[in-house]
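Inside the fold
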Amino acid sequence: MGILEVKGVNKRFGGLQALGDVNLSVKENSVHAIIGPNGAGKSTLLNCLVGKLIPDTGSVMFDGQSVLGRAPFEINQMGISRVFQTPEIFGELTVMENMMIPIFAKRDGAFRMHAYETVQNEKQIVEAAEEMLEEMNMADKRDMNSASLSRGDKRRLEIGMCLSQQPRLLLLDEPTAGMARADTNNTIDLLKQIRDERDITIAIIEHDMHVVFSLADRITVLAQGTPLVEDSPENIRGNPKVREAYLGESA
Amino acid sequence: MLGLNKKDTSLLLIVAVLTLLAPFILNPFPEGSAMAQFNAGYPDLMQRFVIFGIFAIGFNILFGLTGYLSFGHAAFLGVGSYAAVWMFKLISYNVIPAILLSVVVAGLFSLLIGFISLRRSGIYFSILTLAFAQMSFALAYSVLSNPKFNLTNGETGLQVYADDPQWFHRANAPDLPHLFGVSMRSTYTMDVGGWSFDFNAGYYLCAVIMMVVFYLAIRIFRSPFGMMLRAVKSNQQRMNYTGLNSRPYTLAAFVISGMYAGLAGGLMAAMDPLAGAERMQWTASGEVVLMTILGGTGTLIGPVLGAGFIKYFENIFSKINDNVLHSWFAFLPDGMEDFMVFIIHPFIGKGWHLTLGLLFMLVVIFLPGGLVEGGQKLLNWVRGKRKDKKTSGKTEPAE
Ligand SMILES: Nc1ncnc2c1ncn2[C@@H]1O[C@H](COP(=O)(O)OP(=O)(O)OP(=O)(O)O)[C@@H](O)[C@H]1O
Ligand SMILES: [Mg+2]
């Protein structure tokens with residue numbers, strides 16, 4: 001039994017079968033990559049895991065509990081954090097505030113009316129946020145408006161925000177998309193460090209095969225909404241079916 | 001001080017000094033001088049400044065922090081006024097129970113309306129609040145004022161009559177709203193040379209309450225709760241995927257701002273024991289939006305400035321008439337004088353809305369941050385000039 005068990009998931013958008021009978025099992029403390037051509041349904045699958053979409057049929061179990069029918073904030077409180085394909089941060093807030101919010105959410109739950117305290121006096125939270133910024137190499141950007149960060153830094157910040165909650169499952173949707181080579185390598189190093197130092201399971205969607213082969217323990221190939229194969233990186237590399245799925249797409 | 005940082009403490013102190021000295025500051029021109037009509041230091045108007053200041057401070061907690069634009073907040077103000085007048089009718093003319101009940105009733109009412117309206121966001125939320133406020137207006141204006149069940153006294157407005165019970169009224173207490181015997185209308189007038197300054201009990205009650213709620217607003221702005229409200233405005237999607245439920249946060253902000261509005265309505269009734277349905281009309285809801293935007297949305301002091309600005313214009317510009325204009329331009333040759341009066345005429349008197357509209361457009365286009373941004377730019381400009389002088393004396397300027 002994996003920490004995440006997806007069974008028989010179907011999702012239709014009108015006439016389009018975005019997901020067709022998807023089965024997926026992610027082992028605890030592993031890195032599981034999901035690859036596939038554009039429009040294969042990778043993001044749709046993630047949306048079904050975090051409560052953004054509800055599958056038409058099938059089940060999604062996290063740590064033995066169903067996530068279906070729960071609101072996104074409840075699923076996050078269960079221990080799943082998600083990094084989006086385009087960075088989702090609080091653009092009008094400072095980098096530090098961005099980092100504190102998820103830590104507050106972890107400590108205080110979905111809602112708490114702490115209207116008379118002062119943010120700066122929450123020593124534990126401030127410390128934890130500063131530590132996380134340090135770990136993300138962003139301490140010097142602490143008081144910057146987060147909207148003015150570079151794309152790479154926004155992504156780093158978002159990953160840091162997710163990690164600060166100590167999730168059990170981290171979902172990454174193309175974390176290196178649109179990044180320069182150097183930034184991509186930094187991100188790979190960062191993710192390796194996370195994988196090695198934390199008790200965490202990572203599911204990652206990625207187009208960049210360099211990233212995938214550097215990190216993944218298992219790879220699932222998705223094509224037209226259906227898993228084609230699931231195997232170890234070595235076997236995926238030489239698999240002709242996988243080649244075909246990608247080449248067929250680009251032809 | 002009081003758990004605030006240095007900057008906020010000085011802001012609070014400045015506001016405190018300005019409100020306490022308002023009778024002097026707002027009456028800079030000697031009685032009987034030509035400029036005396038620009039004086040704003042009379043009790044009625046000063047009361048309105050702070051009451052609408054409170055209304056706008058509360059509105060800004062919702063709109064400035066969460067970005068949810070309510071077009072129905074006048075309903076809570078109106079409900080507050082009705083609640084206060086009912087306390088006068090049933091209990092006594094003491095303002096304390098009246099003000100307390102107005103806050104509580106407005107809070108409950110906004111809980112109901114907020115609970116329903118906050119199911120939608122953006123323009124749909126605004127329209128829902130507008131619809132609720134217009135329904136409340138209709139209820140107050142006609143439905144809830146029939147002979148069998150007369151809650152609002154319809155067109156006439158709710159007021160206190162001689163045969164009202166007033167169970168706790170004591171014979172020696174004034175027959176007008178009072179605070180433990182001190183009538184809200186009692187005014188001490190100080191004459192100094194040509195000047196005359198009014199110190200009104202009602203004004204000072206409102207001023208002290210405004211300082212308290214302004215302080216509370218600062219606390220909310222600096223609290224984790226305030227930060228969450230700004231997160232709602234910035235990115236609700238990220239918020240929900242961060243394990244936070246944005247709905248109770250927005251609802252709490254909505255109720256708090258509704259209570260501020262109810263407090264303002266209660267104080268209005270405490271200054272003048274009357275409540276009419278027109279207080280709930282959509283124009284009144286729109287006014288507080290204008291105040292907040294004009295002063296500076298999301299800033300602490302902006303809404304107060306915006307409220308003062310609009311109320312000043314409403315009361316001062318609307319009083320200028322053609323005779324006054326003629327006396328201003330009397331030094332010009334006759335034809336020119338008539339021409340100037342003709343040009344300016346549409347913008348004064350009843351036309352003050354036109355002036356306000358133009359000013360509002362100018363602010364929104366050139367100072368999106370409102371009067372506060374204007375003030376900051378001015379300050380930077382003055383500072384820059386001073387610096388220039390200093391540096392140019394010593395070395396050649398950079399560049
Ligand atoms: N909300 C939606 N409504 C309608 N169609 C949708 C919706 N979301 C996704 N789709 C469609 O479903 C298919 C799968 O989309 P999805 O975003 O999951 O692909 P993807 O594998 O993430 O692709 P990419 O690599 O480009 O991100 C696409 O054809 C897309 O147009
Ligand atoms: Mg995608």
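Residues numbered from 1 in each chain as written. Chains lettered and ligands numbered in written order. Predicted model: local features only at pLDDT ≥ 70, side-chain atom pairs only at ≥ 80, totals over all residues. Heavy atoms only, no water.

1. Digging into the side chain of Thr250(B)
- Counting through the fold element by element, Thr250(B) comes out in helix 10 (residues 246-271).
- Beyond its immediate stretch of four places on either side in the chain, Thr250(B) contacts Leu62(B), Tyr68(B), Leu118(B) and Val232(B). (Helix = DSSP H or I, 4+ residues; strand = E, 2+ residues; numbered from the N terminus. Contact = heavy atoms within 4.5 Å.)

2. A closer look at the coordination of the magnesium ion (ligand 2)
All names here are of chain A.
- Ligation of the magnesium ion (ligand 2) by protein atoms is provided by Ser43 (OG) and Gln85 (OE1), these donors lying 2.0 to 2.4 Å from the ion. Remark: glutamine 85 occurs in the loop between strand 6 (80-83) and helix 3 (95-108) and serine 43 occurs in helix 1 (residues 42-50); sequence separation between them is 42 residues.
- Given the relative accessible area of 22%, serine 43 is considered partly exposed.
- A relative accessible area of 33% means that glutamine 85 is categorised as partly exposed. (Donors = N, O, S within 2.8 Å, 3.2 Å for Na, K, Ca; no water. Buried < 20%, exposed > 50% of the residue type's maximum accessible area, 1.4 Å probe, protein only.)

3. Quick notes on the confidence of the model for chain B
Residues and elements named next belong to chain B.
- Chain-level statistics for chain B give a pLDDT mean of 91 and a share of 97% at 70 or above.
- When pLDDT is averaged over each element of chain B, helix 10 comes out on top at 98 and helix 16 (residues 370-394) at the bottom at 80.
- Segment residues 393-399: pLDDT under 50, and zero contacts once partners within four positions in sequence are set aside and those in other chains are kept.
- Here the complex is predicted with pTM 0.93, and the ipTM for its interfaces comes to 0.92. (pLDDT = per-residue confidence, 0-100.)

4. Things to note about the interface of chain B and chain A
- Chain B puts 29 residues into the contact, and the matching count from chain A is 38 residues.
- Roughly 2,900 Å² is buried in total at the junction of chain B and chain A, and carbon and sulfur atoms are behind 62% of that figure.
- When the buried area of chain B at its contact with chain A is split by residue, Met227(B), Arg238(B) and Tyr241(B) rank highest and sum to 26% of it.
- At the junction of chain B and chain A, the tally comes to two salt bridges.
- Here Arg230(B) makes a salt bridge to Glu97(A), at a shortest N to O gap of 2.7 Å.
- Our count for the contact surface shared by chain B and chain A stands at 21 residue pairs in polar contact (both at pLDDT 80 or more).
- Counting residues per element, the ones that place at least two in the side of chain B that touches chain A are helix 7 (201-222), helix 8 (224-234), helix 9 (236-240) and helix 10 of chain B.
- With eight residues, helix 8 of chain B is the largest single contributor of residues to the side of chain B that touches chain A. (Buried area = accessible area lost by both parts, 1.4 Å probe. Salt bridge = Lys/Arg side-chain N within 4 Å of Asp/Glu carboxyl O. Polar contact = N/O pair within 3.5 Å; in protein donor to acceptor, adjacent residues only side chain to side chain.)

5. Focus: unusual backbone geometry
- The backbone of Gln166(A) shows a phi angle near 45°, a positive value even though the residue is not glycine.
- Looking at where Gln166(A) falls in the secondary structure, it is placed in the loop between helix 5 (151-163) and strand 7 (169-173).
- Residue Gln166(A) is classed as exposed on the basis of its relative accessible area, which comes to 55%.
- Of note, Phe180(B) is a non-glycine position whose phi angle comes to about 45°, a positive value.
- By the element assignment, Phe180(B) lies in the loop between strand 2 (178-179) and strand 3 (182-183).
- Take Phe180(B): its relative accessible area is 63%, and that puts it in the exposed class.

6. Side note on the pattern of salt bridges
- Summed over all chains, the structure comprises 27 salt bridges over all chains.
- In this structure, Arg168(A) engages Asp63(A) in a salt bridge whose closest nitrogen and oxygen atoms are separated by 2.6 Å. Highlighted residues: Arg168(A) in the loop between helix 5 and strand 7 and Asp63(A) in the loop between strand 4 (57-62) and strand 5 (65-66), separated in sequence by 105 residues.
- In this structure Arg168(A) comes out as partly exposed when scored by relative accessible area, which is 30%.
- The partly exposed category is assigned to Asp63(A), whose relative accessible area is 41%.
- The partner of Arg48(B) in a salt bridge is Asp44(B), with the nearest N and O atoms 3.2 Å apart. Linking Arg48(B) with Asp44(B), this pair stays in helix 3 (residues 43-66), spanning four residues, or about one helical turn.

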